[in-house]
Amino acid sequence: MTTVAIASSTQLAADGGAALARMGGNAVDCAIAASLVSVVTEPGICSLGSGGYLTIAAPGEDPVTIDGYVTMPGLDLPAGHTPDGAISAHMDYGGGVDLVVGHASVATPGALAACGVSSRRYGQLPWASLFEPAYGYARDGFPLQNVSYNYLRCSQDAVFNWNEEGFAALHDEQGNLLRPGDPVHIAHLAESIEQIAQEGPETFYSGSLATLIEEDSLANGGFLTRADLESFEPIVRDPIVFDGENWSVYTNPAPAVGGATLAAMLMLMRGRPAHGWTPEELRHWVKVQRAVLGFRRDRLDSSTDISRDVEDLLAAARTGELGDFQTSPSTVHTSAVDSTGLACAVTLSAGYGSGVIPPGTGIWMNNCLGELELNQRGADWPVGVRLPSNMAPTVARRADGAVLAIGSAGSSRITTAIVQSLSNFMNAGMSLEDALAHPRAHLEKVESGWQVAYEPGMPAGDLDMPSRAFEDLNMFFGGAGVALWTPDHGFSVAADPRRGGGTAIAST
């Protein structure tokens, strides 16, 4: 008998993963199934047209990160085609966000391809089985989740209302945004999921779905072509590895920048906070963020050699000399571990969403070319290049055989959410639940300089710098999920209360 613990972005997703465990699935099967439920049942937050990463640690093997993040499209564009389908937008989310939506904001999605590789290499169940929970929700409808509703209230006018199919899915007959718990039905989504389940991820990249996606893109000024989809290949990478408080930690490598940012901050936070978040510890945390996020903003976000600059960041963090470099909801995450010692962390993102649904598919597409907060270059990339990402799905091992999987949603707050959660657990000795629920602070760059955003309970009053306080725990600060198995105590699992996340432990 195999037992699996799952932490995901909603209880619907965690329950979907648990259903696979009862069918005989392992941690990878359950993590993929839960992620598929997330992208189906969290409209606005993520979608099948996303990119992402899976970091997997199998017993007796070196961990890997399977890179399915988005690439710059534009292969074989027809002569005379102008990708002019970009719409500049602004939404009042997290203090205000400028972005680009529309067809020219869509990058080549790789999430399904990465899930396919992960399933073939590490899963126990057939590919089609992984879609059963998600297909049921797409076919029968699902209740609108609070996390989607809260995001759509801010984003609907800027991102989703211009597309007729998207508007119809998210509004009632009077044109009002659906409320939490209202049933959501997305036309054609169930048929697309059934096709992907039966024919494999290939149908999204080279079958009839690919044809529908290309036709819509080219008819509306997009970059994305069938050639981009057909040429997409997931990459199996060696993760970044570092030691942290008796754990060996494995996270997302270059060309993503999230893993390096996470690793650098954890190195500089080694052993802290030992006894909770005092004013002194918070000042140190702000200093760490200033160094690492400043490096990211000044070097990584506009780098022409990501691998070189990531190595510079990690080398500086290892020696503690990072100060010499000083001058940074659109995601779902699932963590799963099982009783064999297999751990899987999956993070997927569609950016803030493009609003695009290719007719006949029911699949929203990403706006990763227009997520200017993380992609300062917009669409100014060579065709085929993988874009940088802040996602950092992470696994960790301990010498006694314990395994942990963790990650977070939260755009630019992903890494700071994971660092604070791990520091609370590994350094301060908090339980997983307390580690995730503890108030957080995030350093952000605004026009006037750096300021600290913080939740109540963080001792920010003594900081000698601008700050903005939130009234309560807020999904702005991420949505972490963590699953742990130890030989002595078995399973522990926790999901971030900021997103109303869900957990489950289930056995064959």
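Reading guide: rules and limits
- Residues numbered from 1 in each chain as written.
- Predicted model: local features only at pLDDT ≥ 70, side-chain atom pairs only at ≥ 80, totals over all residues.
- Heavy atoms only, no water.
- Helix = DSSP H or I, 4+ residues; strand = E, 2+ residues; numbered from the N terminus.
- Buried < 20%, exposed > 50% of the residue type's maximum accessible area, 1.4 Å probe, protein only.
- Areas by Shrake-Rupley, 256 points an atom, 1.4 Å probe, with all protein chains shown as cover.
- Pairing = 2+ DSSP bridges.
- Core = buried A, V, L, I, M, F, W, Y, C linked by side-chain atoms within 4.5 Å.
- Contact = heavy atoms within 4.5 Å.
- Axes fitted to C-alpha atoms, helices over the stretch in contact; angles between N-to-C directions.
- Salt bridge = Lys/Arg side-chain N within 4 Å of Asp/Glu carboxyl O.
- Disulfide = S-S within 2.5 Å.
- Phe/Tyr/Trp six-rings, centres within 6.5 Å; stacked < 30°, edge-to-face > 60°.

The subject of this paragraph is the overall build of the protein chain. Each helix and strand in the protein chain was counted, giving 15 helices and 20 strands. In terms of principal-axis extent, the alpha carbons of the protein chain reach across some 55 × 55 × 45 Å. Expressed as a percentage of the 508 residues in the protein chain, the buried residues total 66%. Approximately 17200 Å² of the protein chain is accessible, and the part contributed by carbon and sulfur atoms is 47%.

This paragraph deals with the pairing of strand S20 (residues 502-507). By the alternation rule, side chains of S20 split into Gly 502, Ala 504 and Ala 506, which are all buried, and Thr 503, Ile 505 and Ser 507, of which none is buried. Sheet topology note: the strand S1 (residues 3-8)/S20 ladder contains six bridges and is antiparallel. Bridge pairing in S20 places Ser 8 opposite Gly 502.

Our next topic: the nonpolar core. Of all hydrophobic cores here, the largest spans 91 residues; its most connected members are Leu 48, Ile 56, Met 91 and Phe 131. Those residues in contact with Phe 131 that lie beyond four places of it in its chain are Leu 36, Leu 112, Ile 193, Ile 196 and Ala 197. Among the nonpolar cores identified, the runner-up in size contains 69 residues, and Ala 254, Leu 266, Phe 295 and Ala 396 belong to it.

Following the sequence through the fold, Thr 415 ends up in helix H14 (residues 414-426). On the basis of relative accessible area, Thr 415 is assigned to the buried category, the value being 0%. Filtering out sequence-adjacent residues up to four positions away, Thr 415 remains in contact with Gly 258, Thr 261, Leu 262, Met 265, Asn 390 and Ala 392.

Here we come to the sheet that holds strand S17 (residues 467-469). Pairing is mixed across the open sheet formed by three strands, whose spatial order is S15-S16-S17. Of all the strands in the sheet, just strand S15 (441-446) and S17 have a single pairing partner and so form its edges. Strand-to-strand, the axes of this sheet are offset by a mean angle of 25°, without reference to chain direction. Most of the contacts of helix H12 (residues 279-300) go to S15, to which it runs at about 45°, and overall it touches S15 and strand S16 (449-454).

Before going further, it helps to spend a moment on the pattern of salt bridges. For the coordinates displayed, the defined rule picks out 14 salt bridges. Note that Arg 226 is salt-bridged to Glu 230, the shortest N-O span being 2.8 Å. Within this pair, Arg 226 and its partner Glu 230 are both found in helix H10 (residues 226-231), separated by four residues, close to a single helical turn. Put simply, Asp 309 and Arg 308 hold a salt bridge, and the shortest N to O gap is 3.0 Å. When its relative accessible area of 2% is taken as the criterion, Asp 309 is described as buried. Because the salt bridges share partners, they merge into one network encompassing Arg 299, Arg 308, Asp 309 and Asp 312.

Before going further, it helps to examine the state of the cysteines. If you walk through the whole model with that rule in mind, you get zero disulfides. In this structure Cys 344 is a free cysteine whose sulfur lies 8.5 Å from that of Cys 115, the closest cysteine sulfur available. Looking at Cys 344, the relative accessible area reads 0%, which means it is buried. With no disulfide of its own, Cys 368 lies 8.8 Å from the sulfur of Cys 46, the closest cysteine sulfur. Cys 368 gets classed as buried once you look at its relative accessible area, which sits at 1%.

What follows deals with the pairing of S15. Across six bridges, the pairing between S15 and S16 is antiparallel. Counterpart to His 442 in the pairing with S16 is Ala 453. Where S15 folds back on S16, the antiparallel hairpin that results is connected by two residues.

Two aromatic rings are characterised by how far apart their centres lie and by the angle between their planes. According to the stated counting rule, one finds eleven aromatic pairs in the structure shown. Ring geometry for Tyr 53 and Tyr 69: centres 5.6 Å apart, planes at 20°, overall stacked. Here the residue Tyr 53 occupies a position in strand S2 (residues 51-57), and Tyr 69 occupies one in the loop between strand S3 (64-68) and strand S4 (87-91), the gap between them amounting to 16 residues. When the centroid spacing of 4.9 Å and the interplanar angle of 75° are considered together, the rings of Phe 470 and Phe 477 count as edge-to-face. The two residues Phe 470 and Phe 477 agree in class, both being buried.

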